[in-house]
Amino acid sequence: MKKKLLLIQPTPYDNNHNPIKRNKLYFVGLALPLLAALTPPDWDVEIIMETIEDIPFDTDAELIGISSMGHGVLRTLDLAREFKKRGKTVILGGYMVSLMPEEAKKHCDAVVIGDAEGVWTNLIKDYTEGNLKTFYKYELTSLEGLPLPRYDLIVKKNIGDFLPVQAGRGCPHTCSFCSVFCLYRGKYLRRNITEVIRDIQQIRSLGFKKFLLLDDNIASDKKYLLELLREIKKMKMQWFSQCSLNVAKDDRLLTALAESGCLALSFGLESITQESLNQLNKKWCHTSEYPDLIQKIRQAGIEVSTEMVVGTDADTQESIINTGHFIEQNKIVVPRFYILTPIPGTDLFHQMDKEGRICNRDIYSYNGTEAVHIPARISPQELTDAYWSLYKKVFSLKSIIKRTLLNKNILKKPLHHLFYFLVNLKYRQDIKNGIPPNII
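Position labels on residues start from 1 in each chain and follow its written sequence. Totals for whole chains, interfaces and linings use all residues, but because this is a predicted model, local features are given only for residues with pLDDT of at least 70 and pairs of side-chain atoms are given and counted only at 80 or more. Where side-chain values are given, they derive from all heavy atoms of the structure, hydrogens and water being excluded.

Visitor: Quick question: what am I supposed to make of the overall build of the protein here?
Guide: Strands are runs of DSSP state E lasting at least 2 residues, helices are runs of H or I lasting at least 4, and numbering of each runs from the N terminus. The helix and strand tally for the protein stands at 16 helices and 14 strands. The globule rule puts the C-alpha radius of gyration for 440 residues at 22 Å, and the 21 Å found for the protein is close to it. Across its three principal directions, the C-alpha atoms of the protein cover 60 × 55 × 40 Å. Under the scheme applied here, a residue whose accessible area is under 20% of the maximum for its type counts as buried, over 50% as exposed, and between as partly exposed, the area being computed with a 1.4 Å probe on protein chains only. The 440 residues of the protein split such that 57% are buried. Of the side chains in the protein, 58 bear a positive and 51 a negative charge, and the two mean positions are spaced by 5 Å. For a compact globule the rule gives 2.2 Å times the number of residues to the power 0.38, and the radius of gyration it is set against comes from C-alpha atoms. We treat Lys and Arg as the positive residues and Asp and Glu as the negative residues; His and chain ends play no part in the count. Here the site of a charge means NZ on Lys, CZ on Arg, CG on Asp, or CD on Glu.

Visitor: Sorry, what's going on with the sheet that holds strand β3 (residues 63-66) here?
Guide: Within a sheet, each strand pairs with its neighbour through backbone hydrogen bonds, oriented either parallel or antiparallel. Strands sit in the order β2-β1-β3-β4-β5-β6 across an open sheet of six strands; the sheet is parallel. Of all the strands in the sheet, the pair left with one neighbour each is β2 (43-49) and β6 (135-137). Between one strand and the next, the sheet's axes are offset by a mean angle of 20°, whatever the strand orientation. At least two bridges found by DSSP between two strands is the condition for calling them paired. Where strand β1 (residues 3-9) lies against β3, four bridges are found, and the strand directions are parallel. Residue pairing for β3: I8 is matched across the bridge by I66. Contact definition: two residues touch when any of their heavy atoms are within 4.5 Å. To get an axis, fit a line to the C-alpha atoms, keeping to the stretch in contact for a helix; angles then go from 0 to 180 degrees between the N-to-C directions. Together, β1, β3 and β4 (89-92) form the strand contacts of helix α2 (residues 73-85), whose direction differs from that of β4 by roughly 165°.

Visitor: Whenever I open this one, unusual backbone geometry confuses me. Can you help?
Guide: Trans peptide bonds make up most of the peptide bonds, and negative phi angles are found at most residues other than glycine. In this model, K236 sits at a positive phi of 55°, which is unusual for a non-glycine residue. Structurally, the position occupied by K236 is in the loop between α8 (222-235) and β11 (238-242).

Visitor: Quick question: what am I supposed to make of the pattern of salt bridges here?
Guide: Side chains that carry opposite charge are capable of pairing whenever their charged atoms lie near each other. The term salt bridge refers to a pairing of a side-chain nitrogen on Lys or Arg with a carboxyl oxygen on Asp or Glu at a separation within 4 Å. Inspection of the entire model under this criterion finds 31 salt bridges. With its nearest N and O atoms 2.8 Å apart, the salt bridge here joins E103 to K106. Since its relative accessible area comes to 18%, E103 is described here as buried. The residue K296 makes a salt bridge to D251 at a minimum N-O spacing of 2.6 Å. Of this pair, K296 sits in helix α11 (residues 290-299) while D251 sits in helix α9 (residues 251-259), and the two are 45 residues apart along the sequence. Salt bridges here are not isolated pairs; linked through shared partners, they connect R191, E195, R198 and D199.

Visitor: So what exactly am I meant to see when it comes to the packing of helix α15 (residues 397-404) against helix α16 (residues 414-432) here?
Guide: Two measures define how a pair of helices packs: the angle their axes make with one another and the distance between the axes. Running from N to C, α15 and α16 point in directions that differ by 160°, and their axes come no closer than 9 Å. By the angle class used here, α15 and α16 are roughly antiparallel. Crossing geometry of α15 relative to α16 is assigned as right-handed. Touching L397, I400, I401, R403 and T404 of α15 are H417, Y420, F421, N424, L425 and R428, all from α16. We call two directions roughly parallel when the angle between them is under 35 degrees, roughly antiparallel when it is over 145, roughly perpendicular when it lies between 65 and 115, and oblique otherwise. Two helices cross in a left-handed way if the nearer one is turned anticlockwise from the farther one by less than a right angle. They cross in a right-handed way if the turn is clockwise.

Visitor: Could you clarify how one ought to interpret the packing of aromatic side chains in this entry?
Guide: The geometry of an aromatic ring pair is captured by the separation of the ring centres together with the interplanar angle, meaning the angle of the planes. In this analysis, rings of Phe, Tyr and Trp, with Trp reduced to its six-membered ring, are considered paired at centre separations within 6.5 Å, and the interplanar angle assigns stacked below 30 degrees, edge-to-face beyond 60, and tilted for intermediate values. Tallied over the entire structure, the rule returns 14 aromatic pairs. Of the aromatic side chains, those joined through ring pairs into one cluster are F337, Y387, W388, Y391, F395 and Y427. Across the ring face of F395, the terminal group of R403 is positioned such that the distance to the ring centre comes to 5.2 Å. Two limits define a charge over a ring: the Lys NZ or Arg CZ must be within 6 Å of the ring centre, and within 35 degrees of the ring normal.

Visitor: Just to check I follow, could you spell out the sheet that holds strand β14 (residues 334-339) for this structure?
Guide: Across the sheet, which stays open at both edges, the six strands sit in the order β7-β10-β11-β12-β13-β14 with parallel pairing between neighbours. The open sheet has two edge strands with one neighbour each: β7 (162-166) and β14. Neighbour to neighbour, the strand axes of the sheet diverge by 20° on average, direction disregarded. Bridge count between strand β10 (residues 210-214) and β11: three bridges; the pairing is parallel. Of the residues in β11, the one forming a bridge with K210 is Q238. Across the sheet, α16 is in contact with β10, β11, β12 (262-270), β13 (303-310) and β14; its angle to β14 comes to roughly 30°.

Visitor: Where do I start with the pairing of β10 in this structure?
Guide: Both faces of the sheet carry side chains from a regular strand, because those side chains alternate between them. Among the five residues that make up β10, four are buried, leaving the element largely enclosed by the rest of the structure. Summarising the sheet, β7 and β10 pair through five bridges and their orientation is parallel. In the strand pairing of β10, F162 is matched with K210. Between the parallel elements β10 and β11, the chain passes through α8 in a crossover that is right-handed. By convention, orient the strands away from the viewer: a clockwise path from the first strand over the helix to the second makes the crossover right-handed.

And the structure:
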């Protein structure tokens, strides 16, 4: 009889500590299908995505693997404790537990620190032989030779009309607050283009016409990206990804992105205040260039999504209000905001801890929606209030209509803008319930 492995992608909690549930999950993680592919064939593997599925606590699986992404780490640890009570062997992984492995170990049998690809086979072997170690860590130096992800384990679930595929991992930049930097320290790994296209072909063979290109910054290597885009163009599919806004400074690259079928890109703008970017070790970005670069991207037919943080030492209530004006003026179709949070294990945490500026040391309450540090020009409570006011302003009906429907690109892609409009309405409903737009 085959052994059984249960892999879980947890959902975050809402403000009442209830797991957030959806009828459909659009953004599906790639880590679990990839680990399933790396699992020996004498194991049965099941994947559960808690946002759209119930956790089978009565599972007959003997080994439980739980990922940790963002603020879903709180749910990750709760699930780990529950499965441990039921006598299961629990493995935790993902970037959140990688940043604080000693804390994570209190709730499980083993912790995978960093990338799991280099240790997963040995971990399964150690478990089978009764020699499971406490920590597994391997510094990944190459993404070549990865197997085809087990998309078959997720395609029948109630997910969106695209699947994820990875091109690169890591980022050459060194932003102090960023978990990617804290794990990769400026290293950027690229996959073999032939293998990326192999995965996209598999997605297409499953009936999907879109894919999400997972990469912490697809513009990290322009030569590589241009070569990849030439191959993607041949696929005649549509896709999304994220990268630096500086991609708009290269006309050749921007044209290649648009011609390859790129529908939208997400950009970590972080702040509209240059002083804030400088404090975050992101001096290579210039806020004065933001409007023109965004306009260039949108003129190319690619829509813009943004992620920004509030709560740096340069922030005031006025700067946070102006952030809302910036979003409306530049018609950002899907904006997201986070309160700057010194996550344990990041350089930012060590810096603020040393300065005695962490006002909430209950790391299990860190959710990105409440200030846990003391900013220089605004109080923690004022920051929290300003954050929610910003969200309510940006996701007012007037702002939503202006950003999505009264948008020149709607003439080129009306169905996509209708989708963005509906996404914004869903986010608006979440915000009313105290849930930030961090999953869909």
